[in-house]
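A look at the structure
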Amino acid sequence: MRSDLVFKALSQVNNRYQLCQLASKATRKLHKPNSRLQDTTNEVLLRFETANPGAASHVETTAAQPVERRRAA
């Protein structure tokens, strides 16, 4: 049941509000068009059981090379 998934996911996240925010963002990103939204939400909560979603490592972007601009003659 989903309530069991929520309680297990709460072991990784401090409060319910933060869990809802993170779960909704992850569900939007992981959802496939031809699948049920409920299944995607359950999958996200299963992932939250084992990993702390709030401590996601931020990928550092490399400095973009300067773009040459054309100047009017």
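One structure accompanies this document, and this report is about it.

Here is what the cut-offs are and how they apply
Residues numbered from 1 in each chain as written. Predicted model: local features only at pLDDT ≥ 70, side-chain atom pairs only at ≥ 80, totals over all residues. Heavy atoms only, no water. Helix = DSSP H or I, 4+ residues; strand = E, 2+ residues; numbered from the N terminus. Contact = heavy atoms within 4.5 Å. Expected span 1.5 Å × (residues − 1). Buried < 20%, exposed > 50% of the residue type's maximum accessible area, 1.4 Å probe, protein only. Arc of directions from axis to C-beta. Axes fitted to C-alpha atoms, helices over the stretch in contact; angles between N-to-C directions. Parallel < 35°, antiparallel > 145°, perpendicular 65-115°, else oblique. Left-handed = near helix turned anticlockwise from the far one by under 90°. Nonpolar A, V, L, I, M, F, W, Y, C, P; charged D, E, K, R; others polar. Core = buried A, V, L, I, M, F, W, Y, C linked by side-chain atoms within 4.5 Å.

Before going further, it helps to spend a moment on the side chain of Thr 41. Summarising the element assignment, Thr 41 is placed in helix H3 (residues 37–50). Aside from chain neighbours lying at most four places away, what touches Thr 41 is Arg 2 and Thr 27.

Below, the discussion takes up helix H2 (residues 16–30). Spanning 15 residues, H2 covers 20 Å between terminal C-alpha atoms, matching the ideal 21 Å at 1.5 Å per step. All of the buried residues in H2 are Leu 19, Ala 23, Ala 26 and Thr 27. All buried residues of H2 lie within an arc of 105° about the axis, which places them on one face of the element. Pointing more than 90 degrees away from the buried face of H2 are the exposed residues Tyr 17, Arg 28 and Lys 29. Buried residues in H2 make contact with helix H1 (2–9) and H3.

Another aspect to go through is the packing of H2 against H3. Relative orientation of the contacting elements H2 and H3 amounts to 120°, with a least axis distance of 9 Å. By the angle between their axes, H2 is oblique relative to H3. Between H2 and H3 lies a crossing whose hand is right-handed. Note on element contacts: H3 touches H2 through Leu 37, Thr 40, Thr 41, Val 44, Leu 45, Arg 47 and Phe 48, opposite Leu 19, Leu 22, Ala 23, Ala 26, Thr 27 and Leu 30. Class assignment for the residues of the contact of H2 with H3 results in 9 nonpolar, 3 polar and 1 charged.

Attention now moves to the packing of H1 against H3. Close contact between H1 and H3 brings their axes to 8 Å; oriented N to C, the two are set at 30°. It follows from the interaxial angle that H1 and H3 lie roughly parallel. For the element pair H1 and H3, the recorded crossing hand is left-handed. The segment H1 lies against H3, with Arg 2, Leu 5, Val 6, Lys 8 and Ala 9 engaging Gln 38, Thr 41, Asn 42, Leu 45, Leu 46, Phe 48 and Glu 49. Class assignment of the residues belonging to the contact of H1 with H3 gives a composition of 6 nonpolar, 3 polar and 3 charged.

Membership of the largest hydrophobic core is limited to 10 residues, which are Leu 5, Ala 9, Leu 10, Val 13, Leu 19, Ala 23, Ala 26, Val 44, Leu 45 and Phe 48. Sorting the residues of this core by element identifies H1, H2 and H3 as the ones contributing at least two each.

Function-wise, these values are silent; they only describe arrangement.
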